[in-house]
Amino acid sequence: MTARLSLIASLLALTGCEPSLDPSPPSAELPELTIPCTDDIQVISPQVNSTISSPLTVTGQARGTWYFEASFPVRLFDVDMNELAVAPAQAQGDWMKEEFVPFEATLPAFTTDGPLGYVFFQKDNPSDEGDLSCSIVVPVQF
């Protein structure tokens, strides 16, 4: 599992974040990643290591700078990094501001054989400037 977490940490680092891993999670859960850009997004659902089902609705709030054209991508991966579902998180209000704006996304039906996975929330960055990129990951159980 350490190799998979290193892969995730590397992917996040490529998006401009320098994550650190909590090395001592309970054995049935995935370690939590700490990402510096989490001051810009707050995920309400799903919670870290919660059990999810298909289809998955995600909710939270993000600063307007996370959105482009009122959305940003949310992706669901299994523990082997196979993409299971993707959907845009849609702003639930005026997103053209720096304050927090609620979002919601419903990832379409998915199936998996594994017990663990990850939900990636990726700041939309149409300019592809590295210093504007950021992602967070929420480990989940199926």
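This text follows the structure it describes.
Predicted model only: the values in this text are computed from it and were never measured.

Cut-offs used in this document
- Residues numbered from 1 in each chain as written.
- Predicted model: local features only at pLDDT ≥ 70, side-chain atom pairs only at ≥ 80, totals over all residues.
- Heavy atoms only, no water.
- Buried < 20%, exposed > 50% of the residue type's maximum accessible area, 1.4 Å probe, protein only.
- Helix = DSSP H or I, 4+ residues; strand = E, 2+ residues; numbered from the N terminus.
- Pairing = 2+ DSSP bridges.
- Phe/Tyr/Trp six-rings, centres within 6.5 Å; stacked < 30°, edge-to-face > 60°.
- Axes fitted to C-alpha atoms, helices over the stretch in contact; angles between N-to-C directions.
- Contact = heavy atoms within 4.5 Å.
- Core = buried A, V, L, I, M, F, W, Y, C linked by side-chain atoms within 4.5 Å.
- Salt bridge = Lys/Arg side-chain N within 4 Å of Asp/Glu carboxyl O.

A.B. asks: Just checking my understanding: could you explain the pairing of strand 9 (residues 135–141) for this structure?
C.D. replies: Where a strand is regular, its side chains alternate between the two sheet faces. Burial within strand 9 is extensive, with 7 of its 7 residues counted as buried. Residues S135, V137, P139 and Q141 of strand 9 are buried on one face, and the alternating residues I136, V138 and V140, pointing to the opposite face, are buried as well. As judged from the 7 bridges shared by strand 8 (residues 116–122) and strand 9, these two strands associate in the antiparallel manner. When the bridges of strand 9 are listed, G117 appears paired with V140.

A.B. asks: Honestly, the packing of aromatic side chains in this entry has me stumped. Any pointers?
C.D. replies: All chains considered together, the criterion is met by 6 aromatic pairs. When the centroid spacing of 6.0 Å and the interplanar angle of 55° are considered together, the rings of F103 and F121 count as tilted. In this pair, F103 sits in strand 7 (residues 100–107) while F121 sits in strand 8, placing the two residues 18 residues apart along the sequence. Residue F103 shares its accessibility class with F121, and that shared class is buried.

A.B. asks: Teacher, can you tell me more about the pairing of strand 8 here?
C.D. replies: Extensive coverage of strand 8 is indicated by the burial of 6 of its 7 residues. Two strands pair when backbone bridges link them, and strand 5 (residues 71–78) and strand 8 are joined in this way by 5 bridges, in the antiparallel orientation. Residue V74 lies in a different strand from strand 8, and its bridge partner there is F121.

A.B. asks: Explain the sheet that holds strand 4 (residues 56–63) here, please?
C.D. replies: Sheets are built from strands paired through backbone hydrogen bonds, the pairs being either parallel or antiparallel. Strand order across the open sheet formed by 7 strands is 3-4-7-6-5-8-9, with antiparallel pairing between neighbours. Both edges of this open sheet fall to strand 3 (41–45) and strand 9, since each of them pairs with a single strand only. Averaged over all pairs of adjacent strands, the angle between strand axes in this sheet comes to 25°, irrespective of strand direction. Examined bridge by bridge, strand 3 and strand 4 share 4 bridges and lie antiparallel to one another. Across the sheet, Q42 pairs through a bridge with Q61, a residue of strand 4.

A.B. asks: What am I meant to see in the environment of L107 here?
C.D. replies: Checked against the element boundaries, L107 lands in strand 7. When its relative accessible area of 0% is taken as the criterion, L107 is described as buried. Along the primary structure L107 and A89 are separated by 18 residues, whereas in three dimensions their C-alpha atoms are 9.2 Å apart. If sequence neighbours within four positions are ignored, L107 has contacts with P55, L56, V58, V74, R75, L76, A85, V86 and A87.

A.B. asks: Is there a simple way to explain the nonpolar core in this structure?
C.D. replies: Generally speaking, nonpolar side chains in soluble globular proteins are found buried as a group. With 28 residues, the main nonpolar core has I41, F72, V119 and F121 as its most contacted residues. Listing elements by their share of this core, those giving two or more residues are strand 3, strand 4, strand 5, strand 6 (83–91), strand 7, strand 8 and strand 9.

A.B. asks: Please explain the pattern of salt bridges as it appears in this structure.
C.D. replies: Two side chains of opposite charge can pair, provided their charged atoms sit close to one another. As enumerated under the stated definition, the model contains 2 salt bridges in all. Between D40 and R63 there is a salt bridge, and its shortest N-O distance comes to 3.4 Å. With a gap of 23 residues between them, D40 in the loop between strand 2 (33–34) and strand 3 and R63 in strand 4 connect regions that are remote in the sequence. Of the residues examined, D40 reaches a relative accessible area of 25% and is grouped as partly exposed. Of the charged contacts, one joins R75 and E83 as a salt bridge, the two residues approaching to 3.1 Å between their closest N and O atoms. A residue is classified by how much of its surface remains accessible, and R75, at 26% relative accessible area, is partly exposed. Classification of E83 as partly exposed rests on a relative accessible area of 44%.

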